[in-house]
Amino acid sequence: MNDPKDNRKKQLGPLDEEQLITNGTRYSIKSFGFQPNSGFNSFAGCLSHSHVPWLLQVFFLTVFSVLLVVILVKVSKIPSSQGLAQSKEEKVYQELTQLKAGVDRLCRPCAWDWTYFEKNCYFFSMIQKSWSDSVTACQKVGSQLVVIKSHEEQNFLQQTSKKRGYTWMGLIDMNKESRWHWVDGSPLTLSFMKYWNKGEPNNLGEEDCAEFRDDGWNDTKCDNKKFWICKRPATSCSRK
Ligand code: MMA
Ligand code: CA
């Protein structure tokens, strides 16, 4: 039979054979291709040899392919460093959102003893003072004796004052009789004059300061002691 070992021996010259013996495992390039069981041609070479049954070759190839696919799938599922950074970023963002919601819950537009109404905070005094002492009391807490800017606000303050008693507002005609103006310097406009009680302002014995009285306003003596209302802008909780 035609043995490949015999063929190889025939093709090798005397020098090649000597090299094989003296070098041991270090084969020359020329002889390498002809070495049947060297490390390089172990697996694939084995399979290609006719003495391995074709069914076994198919089996090994299938196992090898399946292993390759499994490894590829596993490797593709490992999150990349970029993917990890992304998920970390998302986690930080989520925590920040939760923290912001917590701060918003803690945020109060007004101090504990003040009442919120349409973006402003109101302090309703429990004691009574003269008009000018009431002005000072409000200034001391960084606010102003109430200046009414809307009809809704007027309605709200009139109702609360009716429950508590006669109450100062920041409206006077001290400088010139019947020329009413607010403590912020703005004049009393026509649309608000309907809030004077019937027959008021009557300046009975020199009355230069305005008060909430029953369902409307009255001019009264500024030295009288009344409750008072301070007003200041509310704290905005949703800063952006
Ligand atoms: C009081 C005083 C006045 C007011 C009248 C209304 C008697 O005086 O509050 O300012 O105009 O009452 O009757
Ligand atoms: Ca009066």
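Everything below is about the structure printed above this text.
Computed from a prediction, not measured in an experiment: that's the story for all the values here.

Conventions used here
Residues numbered from 1 in each chain as written. Chains lettered and ligands numbered in written order. Predicted model: local features only at pLDDT ≥ 70, side-chain atom pairs only at ≥ 80, totals over all residues. Heavy atoms only, no water. Near = heavy atom within 4 Å. Polar contact = N/O pair within 3.5 Å; in protein donor to acceptor, adjacent residues only side chain to side chain. Nonpolar A, V, L, I, M, F, W, Y, C, P; charged D, E, K, R; others polar. Disulfide = S-S within 2.5 Å. Helix = DSSP H or I, 4+ residues; strand = E, 2+ residues; numbered from the N terminus. Buried < 20%, exposed > 50% of the residue type's maximum accessible area, 1.4 Å probe, protein only.

Draft legend 1. Representation of the site of ligand 1 within the structure. Inspection of the region around ligand 1 gives Glu200, Asn202, Leu204, Glu207, Arg213, Asn218 and Asp219 as its neighbouring residues. At 2.9 Å from an oxygen atom of ligand 1 is found a side-chain nitrogen or oxygen belonging to Arg213. Its residues assigned to classes, the shell around ligand 1 shows one nonpolar, two polar and four charged.

Draft legend 2. Molecular detail of the state of the cysteines. Counted by the stated rule, this structure contains four disulfides. Here Cys107 is linked by a disulfide to Cys237, with a sulfur-sulfur distance of 2.1 Å. Judged by the torsion about the S-S bond (-85 degrees), the Cys107/Cys237 disulfide is left-handed. Pair noted here: Cys107 is in the loop between helix 6 (81-106) and strand 1 (115-117) and Cys237 is in the segment after strand 8 (227-233), with a separation of 130 residues, a long-range link. Using a relative accessible area of 16% as the deciding quantity, one classes Cys107 as buried. Disulfide pairing is shown between Cys110 and Cys121; the S-S distance is 2.1 Å. What sets the handedness of the Cys110 and Cys121 disulfide is the S-S torsion sign, and at about -90 degrees it is left-handed. With Cys110 in the loop between helix 6 and strand 1 and Cys121 in strand 2 (residues 120-124), this residue pair connects regions lying 11 residues apart in the sequence. There is no split in this pair, since Cys110 and Cys121 are both buried. Sequence-ordered numbering of the bonded cysteines in the chain yields a pairing of 1-8, 2-3, 4-7, 5-6.

Everything listed here is a matter of geometry and, on its own, says nothing about what the molecule does.
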